[in-house]
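Structure assessment
This is what each chain is made of:
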Amino acid sequence: MNDLTKVKETYSKKFPHYESYAKCQSRAFMAGMATFLVSGAGVYGLQELLQKKLPYGRQTFLLPTIIIASITSYSVTRLRTKACQNMWMVMEDKHSNLGSENEEQILDPKG
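Starting from 1, residues in each chain are numbered consecutively following that chain's sequence as written. In keeping with the predicted nature of the model, local features appear solely for residues at pLDDT of at least 70, side-chain atom pairs appear and are counted solely at 80 or more, and the whole-chain, interface and lining totals rest on all residues. To obtain the side-chain values, all non-hydrogen atoms of the structure were used and water was disregarded.

A short note on the overall build of the protein
A count of helical and extended segments in the protein gives four helices and zero strands. N-terminal to C-terminal, the α/β element order of the protein is α-α-α-α. Here the protein, with 111 residues, has 22% of them falling under the buried criterion. For the protein, the accessible surface area stands at approximately 8900 Å², while carbon and sulfur atoms represent 62% of it. Helix and strand labels come from DSSP, where a helix needs a run of H or I of at least four residues and a strand needs a run of E of at least two; each type is numbered from the N terminus. Whether a residue is buried, partly exposed or exposed follows from its accessible area with a 1.4 Å probe, protein chains only, as a fraction of its type maximum: under 20%, in between, or over 50%, in that order. Exposure was quantified through the Shrake-Rupley algorithm and a 1.4 Å probe, taking into account, for residues, occlusion by the shown protein chains and nothing else.

A word on the side chain of Gln25
Within the secondary structure, Gln25 is located in helix α2 (residues 18-49). Any pair of residues with heavy atoms lying within 4.5 Å of one another is described as a contacting pair. Among residues more than four places away in sequence, those in contact with Gln25 are Thr81 and Cys84.

Digging into the nonpolar core
By size, the foremost hydrophobic cluster in this structure holds six residues: Phe15, Tyr21, Cys24, Ala28, Cys84 and Trp88. Of all the elements, α2 adds the most residues to this core, at three residues. The contact partners of Cys84, leaving out residues within four places of it in the chain, are Tyr21, Cys24, Gln25 and Ala28. What we call a nonpolar core is a set of buried Ala, Val, Leu, Ile, Met, Phe, Trp, Tyr and Cys residues that are connected through their side-chain atoms within 4.5 Å.

Here we look at α2
The end-to-end C-alpha distance of α2, which contains 32 residues, comes to 46 Å, matching closely the 46 Å that a straight helix rising 1.5 Å per residue would cover. Among the residues making up α2, those that are buried are Tyr21, Cys24, Gln25, Ala28, Ala31, Gly32, Thr35, Ser39, Gly40, Val43 and Gln47. What a helix is expected to span follows from its residue count: subtract one and scale by 1.5 Å.

Side note on the packing of aromatic side chains
We call Phe, Tyr and Trp rings a pair once their centres come within 6.5 Å, taking the six-membered ring for Trp, and we label the pair stacked below 30 degrees between planes, edge-to-face above 60, and tilted otherwise. Following the criterion strictly, the structure yields four aromatic pairs and no others. Seen from their ring centres, Tyr18 and Trp88 are 6.5 Å apart, and the 65° between their planes marks the pair as edge-to-face. Linking Tyr18 in helix α2 with Trp88 in helix α3 (residues 62-91), this pair joins segments that are 70 residues apart in sequence. The interplanar angle of 90° and the centroid separation of 6.2 Å between the aromatic rings of Tyr56 and Phe61 together place this pair among those described as edge-to-face.

With respect to the side chain of Thr81
Inspection of the secondary structure puts Thr81 in helix α3. Given a relative accessible area of 13%, Thr81 falls into the buried group. With residues near it in sequence (within four places) discarded, Thr81 still touches Gln25, Ala28 and Phe29.

That is the geometry; function is a separate question.
Printed below as a string of structure tokens:
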């Protein structure tokens, strides 16, 4: 009844580097979550320190905190996900500047 294991086995047979890609994606999403927490805490703490100089009251501290934390975590997750996709494409010999076909052309340009 564990369909996730079945999916993992199916894709691992079809794509040999699927497990590496899945681990990379997991790390990318965890990095996004960590970025959300750290940047949110940082922005909230900064607002606490500067509360007398800010043009808004303490009741609205959560809105800029959530907005800034969301933007930063989205950016980190997007960049890391793109890196995982590129890594997988290179491992599967697709869309790479150093793929097997390009390597042959570089080594033997006449050929």
